[in-house]
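# A closer look at the structure
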Amino acid sequence: MPVAAQLCVIFAVCLVSEGLSALLPFSFPASVLAMVVLLLLLLCKALKPRQLQQTANFLLGNMPLFFVPACVGIIRYTDVLFQNFWAVVLISLLTTPLVFFVTGHVVQLTLKWVRRKEEAQSHD
Amino acid sequence: MIEAFLSSPFFGLTLCLATYLLGKWIQNKTGWLLANPLLISVALCIAVLVLLGIPYESFAKGADVINWMLGPVTALLALGIYNQRKILKQYFLPVLLGCLAGSVTSMLSVLALCKAFGVDQAVTAAMLPKSCTTPIAIGIAESHGGLAAIAAACVMIAGVTGALCAPLFAKWLRIQDPVAQGLATGACSHALGTTKAREMGEIQGAMSSIAIGVCGLISVILSLFLSC
């Protein structure tokens, strides 16, 4: 697919998702909805990953660039940031190993359970 | 002349791209984790605006164009999830339960600590998705009235912590299984952690990158039930 067509498809998916997001009774981010719509299009073979390749390579390969404007926007809220600075840093640091711990152990327990079940089945 | 210069959208566009490219170049040269292109670009943009006394609105004229592309970038994350559908099927239950547990833990612990520290509502909403990948975190934060920049900052702190400490966490917290190590790394530190997970092993890398998409989706759904 030519790059213009790839962009057209992706923009259309985003546009439809903005509409869907406005229709939903709760606030669901339109960008994530667009991801779900695109995933569904891929799963039902309406689109092939190869057809979006050039655009995806460029956009995903330079992902951090697209966060720059939102992050620079912090200069409008310096008072809020400074008031909460240490709490924000501390909470972000503390909760990270906690998430690692819980996820890791839940996965290990699930794997143990799944493997035990598979073994039991193979013995039957 | 200066007037025309600052009222042009090309000012913000050029500044964003030039500082980002410089950041990328510095990271390639040094290889340091903290020489992150996003961090460098944001710091330089803010420095230029503050030092030259340029109003944010002049910058936003061009920067908004880049910001709009955040939607398409997020949509394209679907490709990553799609490409991993085979391995996702193979480990469906551990992935689903692990990511669900991780996302619930992350959001509830952040919410509880924010309440305990008396953090502002706009900041709390921005911190909730801090374990998600940045585009999804910004989406969740903004749909709950949180500040996108704070969301991105917290995501980065979580990512850098995981990228630096994942092997230590695995050892201290007794996570020995490579599948569990990978999912745990991806669940707490998304894409930045995944770079470390790839160093830990092939399975860890694959599982970590699966956790990014799955945790993102679960977190969006969870955030619907959390009001702060």
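Keep in mind the model is a prediction, meaning the values are calculated, not measured.

The subject of this paragraph is the overall build of chain A. Helix and strand counts for chain A come out as five helices and zero strands. When the helices and strands of chain A are read in sequence order from the N terminus, they spell out α-α-α-α-α. Taking 2.2 N^0.38 as the reference for a compact globule, 124 residues should give roughly 14 Å; the C-alpha atoms of chain A span a radius of gyration of 22 Å, well beyond that estimate. Each principal axis of the C-alpha distribution contributes one length, and for chain A these read about 60 × 50 × 35 Å. Counting over 124 residues, chain A shows a buried share of 37%.

A few words on the overall build of chain B. Each helix and strand in chain B was counted, giving twelve helices and zero strands. The secondary structure elements of chain B, listed N-terminal to C-terminal, are α-α-α-α-α-α-α-α-α-α-α-α. Taking 228 residues into account, the globule formula puts the C-alpha radius of gyration at 17 Å, and chain B, at 19 Å, falls close to it. The C-alpha extent of chain B, read off along each of the three principal axes, is 65 × 40 × 30 Å. Residues classed as buried in chain B amount to 54% of the 228 residues present. Partitioning the intrachain contacts of chain B with sequence separation of at least 6 by distance along the chain shows that 64% fall at a separation of at least 24.

By the assigned domains, chain B splits into domain 1 (2–68) and domain 2 (74–225). Spacing between the C-alpha centres of domain 1 of chain B and domain 2 of chain B amounts to 27 Å.

Residue and element names in this part refer to chain B. A151 and A152 are the most contacted members of the largest nonpolar core, which has 103 residues in total. The biggest single contributor to this core is helix 10 (residues 148–172), with 17 residues. Non-local contacts of A151, meaning those with residues more than four positions away in its chain, are made with A126, P129, A137, I138, A141 and G146.

Further remarks concern helix 9 (residues 134–143) of chain B. Within helix 9 of chain B, ten of the ten residues are buried, which leaves it mostly tucked inside the rest of the structure. Against the buried residues of helix 9 of chain B lie helix 2 (30–43) and helix 4 (68–72) of chain A together with helix 5 (70–83), helix 8 (121–127), helix 10 and helix 12 (202–225) of chain B. Positioned one or two residues after helix 9 of chain B, G145 of chain B has a phi angle of 75 degrees, which is positive.

What follows is about the packing of helix 1 (residues 3–23) of chain A against helix 2 of chain A. Residues and elements named next belong to chain A. Put simply, helix 1 and helix 2 touch, their axes get as near as 8 Å, and they point 120 degrees apart. Viewed along their axes, helix 1 and helix 2 adopt a mutual orientation that is oblique. The chirality of how helix 1 crosses helix 2 is right-handed. The residues of helix 2 that touch helix 1, namely those facing V13, C14, V16, S17, E18, L20 and S21, are A30, L33, A34, V37 and L38. Of the residues that constitute the contact of helix 1 with helix 2, the class distribution is nine nonpolar, two polar and one charged.

So, about unusual backbone geometry. Phi is positive for K45 of chain A, close to 65 degrees, though the residue is something other than glycine. Phi at R174 of chain B takes a positive value of approximately 60 degrees, unusual for a residue other than glycine. Note on placement: R174 of chain B falls in the loop between helix 10 and helix 11 (178–200). Using a count of 11 C-beta atoms within 10 Å as the deciding quantity, one classes R174 of chain B as exposed.

Let's shift gears to the packing of helix 7 (residues 92–117) of chain B against helix 12 of chain B. Residues and elements named next belong to chain B. The interhelical angle for the contact between helix 7 and helix 12, taken along N-to-C directions, is 55 degrees, at an axis separation of 9 Å. One way to sum up the angle between helix 7 and helix 12 is to call them oblique. Crossing hand, helix 7 versus helix 12: right-handed. The segment helix 7 lies against helix 12, with V95, C99, L100, G102, S103, V104 and M107 engaging I210, A211, V214, C215, I218, S219 and L222. Its residues placed into classes, the contact of helix 7 with helix 12 shows eleven nonpolar, three polar and no charged.

What counts, and where the lines are drawn
- Residues numbered from 1 in each chain as written.
- Chains lettered and ligands numbered in written order.
- Predicted model: local features only at pLDDT ≥ 70, side-chain atom pairs only at ≥ 80, totals over all residues.
- Helix = DSSP H or I, 4+ residues; strand = E, 2+ residues; numbered from the N terminus.
- Rg over C-alpha atoms; globule rule 2.2 N^0.38 Å.
- Buried ≥ 20, exposed ≤ 12 C-beta atoms within 10 Å, placed from the backbone.
- Contact = placed C-beta atoms within 7 Å.
- Domains from an automatic or database assignment.
- Core = buried A, V, L, I, M, F, W, Y, C linked by C-beta atoms within 7 Å.
- Axes fitted to C-alpha atoms, helices over the stretch in contact; angles between N-to-C directions.
- Parallel < 35°, antiparallel > 145°, perpendicular 65-115°, else oblique.
- Left-handed = near helix turned anticlockwise from the far one by under 90°.
- Nonpolar A, V, L, I, M, F, W, Y, C, P; charged D, E, K, R; others polar.

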